[in-house]
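# What the coordinates show
One letter stands for each residue in the lines below.
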Amino acid sequence: MKRKWQLIAMVGIAGAVLFSGPAGCRKGATADDYEWVTIDESYTPRNYIEEFIKVDSDEKGIFPVSIRNYGRDPSILRRFRGSQFAKPNEAALSMAYPALDDWMLVDIRYKNEKEQEVQRTVLYIEVDGHWRVGDSGRLLE
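This is a predicted model, so every value here is computed, not measured. Once a new chain begins, its residue numbering starts again from 1 and follows that chain's sequence as written. Per-residue local features are limited, in this predicted model, to residues with pLDDT of at least 70; the limit for side-chain atom pairs, both in listing and counting, is 80 or more; totals at the level of whole chains, interfaces and linings are taken over all residues. Excluding hydrogens and water, the side-chain figures rest on all heavy atoms present in the structure.

### Notes on the overall build of the protein chain
Think of it this way: any DSSP run of H or I at least four residues long counts as a helix, any run of E at least two long counts as a strand, and we number them from the N terminus. A count of helices and strands for the protein chain gives four helices and six strands. When the elements of the protein chain are put in sequence order from the N terminus, they spell out α-β-α-β-α-β-α-β-β-β. Using a 1.4 Å probe on the protein chains alone, a residue whose accessible area is under 20% of its type maximum counts as buried, one over 50% counts as exposed, and one in between counts as partly exposed. Scored against the burial criterion, the 141 residues of the protein chain give a buried share of 36%. Look at the contacts in the protein chain between residues 6 or more apart in sequence, and 57% of them connect residues 24 or more apart. Shrake-Rupley sampling with a 1.4 Å probe provides the accessible areas, and residues are treated as covered by the protein chains on show and by no other component. Here the protein chain has roughly 9400 Å² of accessible surface; of this, 54% comes from carbon and sulfur atoms. In this analysis, two residues are considered to be in contact whenever any of their non-hydrogen atoms come within 4.5 Å of each other.

The following block contains the structure:
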C-alpha cells in the first residue's frame, strides 16, 4: 500500500513538472525589466534611433514621447509580433535582410492629436549602414 502511494506521488510530481513546462522555467528578460524614458525637447539621445525618434516627434508635434529601448535583446525579439514578423529570431532577420548590420527594438508611447494614447513596438534595422523601420507591431505577453 505504501508503494502505491509513493507511485501516485511520483506520477503527480512528474505531471506537475511536465504541465508547468517552459512557463515554469522562463528564460530571458521581460518588458518590465526595462524602464520607460521620456523624450522631450531637452532630452539628450543616447544613440541614433533615439535621435531619430526625437527629431520625428518634434516634426510631428507629439512631445512628450515615452520609449522603452530593448536594444538587441533576443528574448524580447522573440516576443515581437509585427506585420512582417511573428516571434522572429536573429537568423530570421538575417534571412529577410541579407545585408543586415544591426537591429534594435523600441516601444514608443505618445498621445495623438485626439489625446488618445498610442503604443507600438518598432523594429529598427540597419542595412548597408542606413537605419530604417523594419516592422511595427507589439510585444506578446
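Moving on, there is more to tell.
### Here we look at the pairing of strand β5 (residues 117-127)
Here 11 bridges tie strand β4 (residues 100-111) to β5, and the two strands are oriented antiparallel to one another. Bridging from a neighbouring strand, Val-106 pairs with Val-122 of β5. Here a strand pair is declared whenever DSSP counts at least two bridges between the two strands. Hairpin connection, β4 to β5: the antiparallel pair is bridged by five residues, and Glu-115 has positive phi, about 65 degrees. Here β5 runs beside strand β6 (residues 130-139); their pairing, made up of seven bridges, is antiparallel. When the bridges of β6 are listed, Glu-126 appears paired with Trp-131. Between the end of β5 and the start of β6, which pair antiparallel, lie two residues, with Asp-128 showing a positive phi angle near 50 degrees.

### What to know about the pairing of strand β2 (residues 65-71)
Buried residues dominate β2, accounting for seven of its seven residues. Side chains Val-65, Ile-67, Asn-69 and Gly-71 project from β2 onto one buried face, and the interleaved Ser-66, Arg-68 and Tyr-70 project onto a second face that is buried too. Direction of pairing for strand β1 (residues 37-39) relative to β2: antiparallel, over a ladder of three bridges. Paired with Val-37 across the strands is Ile-67, a residue of β2. Pairing analysis gives five bridges linking β2 to β4, with the strands arranged antiparallel. Of the residues in β4, the one forming a bridge with Arg-68 is Asp-107.

In short, shape yes, function no, at least from these values alone.
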